[in-house]
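Here is how the chains run, residue by residue.
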Amino acid sequence: AQSVSQHNHHVILSEAASLELGCNYSYGGTVNLFWYVQYPGQHLQLLLKYFSGDPLVKGIKGFEAEFIKSKFSFNLRKPSVQWSDTAEYFCAVRQGSQGNLIFGKGTKLSVKP
Amino acid sequence: NAGVTQTPKFRVLKTGQSMTLLCAQDMNHEYMYWYRQDPGMGLRLIHYSVGEGTTAKGEVPDGYNVSRLKKQNFLLGLESAAPSQTSVYFCASSRTRGDTGELFFGEGSRLTVL
């Protein structure tokens, strides 16, 4: 069965630090890749997604992610985090074009002002 | 535009009681999903529906039943609640499974089973 691994459970950064959250998946075929964000007390929102084409994907609020097929990875990055980026981040993978989304366990990001 | 609405938002049950969570979407989406979110476990798919009148099992379906009698509504039922079902439940919908594939989530329903 497909699985999604997020390497860090909790990341603590100071404002203006750079961020990279790891995501690896186990399926070797065609995949659709997503990052969702859940701000405290809110529902999940889509940050960015990758279906095909340029492996460097830009999302909202200055986030980007890079799909590296050879490494089965889709890491999320942001050059300079803000206090308002404090949230939980979920990587999700869809196997093929018609499968259900499989979510990772999430990474909590705490940004110190 | 309400998007995806879940009711109730909070509920406390005793073991063995039954309840139904209602999810309503006003985006005319074909696909609807119920997830549960537990600390350190991420989101796990309970059941989903690919259209009115259809339902299918997800990753953790045991102890839950669902119905999709109307396209806009997706009900999640617990017939005999257990403490292991204490969780936050999220409903989501999407226009298609492929295509953009974006899921739109409700705000969650926090259920505590004593």
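Residues numbered from 1 in each chain as written. Chains lettered and ligands numbered in written order. Predicted model: local features only at pLDDT ≥ 70, side-chain atom pairs only at ≥ 80, totals over all residues. Heavy atoms only, no water.

Asks: Please provide a residue-by-residue account of the overall build of chain B, values included.
Replies: Within chain B, the regular secondary structure consists of zero helices and eleven strands. Helices and strands in chain B line up, N terminus first, as β-β-β-β-β-β-β-β-β-β-β. In terms of overall dimensions, chain B has a C-alpha envelope of 40 × 30 × 25 Å along the principal axes. Looking at chain B as a whole, 49% of its 114 residues qualify as buried. Here chain B has roughly 5300 Å² of accessible surface; of this, 51% comes from carbon and sulfur atoms. (Helix = DSSP H or I, 4+ residues; strand = E, 2+ residues; numbered from the N terminus. Buried < 20%, exposed > 50% of the residue type's maximum accessible area, 1.4 Å probe, protein only. Areas by Shrake-Rupley, 256 points an atom, 1.4 Å probe, with all protein chains shown as cover.)

Asks: Kindly report on the interface of chain A and chain B, identifying the contributing residues and their values.
Replies: Between chain A and chain B, the residue contacts involve 20 residues of the former and 21 residues of the latter. Here chain A meets chain B over a buried area of about 1700 Å², counting both sides, of which 53% is carbon and sulfur. For chain A, the biggest contributors to the area lost against chain B are His43(A), Asn100(A) and Phe103(A); these three give 29% of the whole. The interface formed by chain A and chain B includes zero salt bridges. The interface formed by chain A and chain B contains three residue pairs in polar contact (both at pLDDT 80 or more). When contributions to the side of chain A that touches chain B are tallied by element, the ones reaching two or more residues are strand S5 (31-38), strand S6 (44-50), strand S10 (87-95) and strand S11 (101-103) of chain A. Tallied by class, residues from the side of chain A that touches chain B come to eight nonpolar, eight polar and four charged. (Contact = heavy atoms within 4.5 Å. Buried area = accessible area lost by both parts, 1.4 Å probe. Salt bridge = Lys/Arg side-chain N within 4 Å of Asp/Glu carboxyl O. Polar contact = N/O pair within 3.5 Å; in protein donor to acceptor, adjacent residues only side chain to side chain. Nonpolar A, V, L, I, M, F, W, Y, C, P; charged D, E, K, R; others polar.)

Asks: Any details on the layout of surface pockets? Residues and values, ideally.
Replies: What the largest pocket holds in volume is close to 690 Å³. Lining the largest pocket we find 31 residues, and of these Gln38(A), Gln37(B), Val88(B), Phe90(B) and Arg110(B) sit closest to its centre. The computed volume of the second largest pocket comes to approximately 200 Å³. Lining of the second largest pocket is provided by 15 residues; of these, Val4(A), Phe103(A), Gly104(A), Lys105(A) and Met41(B) occupy positions nearest its centre. Only strand S1 (4-6) and S11 of chain A together with strand S5 (42-49) of chain B provide two or more residues apiece to the lining of the second largest pocket. For the lining of the second largest pocket, the leading source of residues is S1(A), giving three residues. In terms of residue class, the lining of the second largest pocket is made up of five nonpolar, seven polar and three charged. (1 Å grid on protein atoms, 1.4 Å probe; cavity = no way out; pocket = protein on both sides within 12 Å on 5 of 7 lines; lining within 4 Å. Points joined across faces, edges and corners; volume = space filled by probe spheres on them.)

Asks: Give a detailed account of the pairing of S5(B), specifying residues and quantitative values.
Replies: The side chains of a regular strand alternate, residue by residue, between the two faces of the sheet. Residue and element names in this part refer to chain B. Counting buried positions along S5 yields eight of eight residues, so the element is predominantly enclosed. The antiparallel hairpin formed by strand S4 (residues 31-38) and S5 contains three residues in its connecting segment, where Gly40 sits at a positive phi of about 75 degrees. Of the strand pairs in this sheet, S5 and strand S6 (residues 56-57) are connected by two bridges, and their pairing is antiparallel. Each residue of the ladder has a partner; that of Tyr48, found in S6, is Ala56. Remark: six residues form the turn of the hairpin made by S5 and S6, two consecutive strands paired antiparallel; Gly53 in that turn has positive phi of roughly 85 degrees. (Pairing = 2+ DSSP bridges.)

Asks: Describe in detail the sheet that holds strand S1 (residues 4-7) of chain B, supporting the description with residues and values.
Replies: Residue and element names in this part refer to chain B. Overall, antiparallel pairing links the four strands, which are arranged S1-S3-S8-S7 in an open sheet. Unpaired on one side and paired on the other, S1 and strand S7 (65-67) mark the two borders of the sheet. Here the average twist between neighbouring strands, direction ignored, is 20 degrees. Where S7 lies against strand S8 (residues 73-78), three bridges are found, and the strand directions are antiparallel. Bridged to Asn65 within S8 is Gly77. (Axes fitted to C-alpha atoms, helices over the stretch in contact; angles between N-to-C directions.)

Asks: So what's going on with the state of the cysteines? Residues and values would help.
Replies: All names here are of chain A. Within the structure shown, the criterion is met by two disulfides over all chains. Bridging Cys23 to Cys91, the disulfide has an S-S length of 1.9 Å. One quick way to see it: the torsion about the S-S bond of Cys23 and Cys91 is about -65 degrees, and its sign makes the bridge left-handed. With Cys23 in strand S4 (residues 23-25) and Cys91 in strand S10, the pair connects residues that are 68 residues apart, well separated along the chain. Given the relative accessible area of 0%, Cys23 is considered buried. (Disulfide = S-S within 2.5 Å.)

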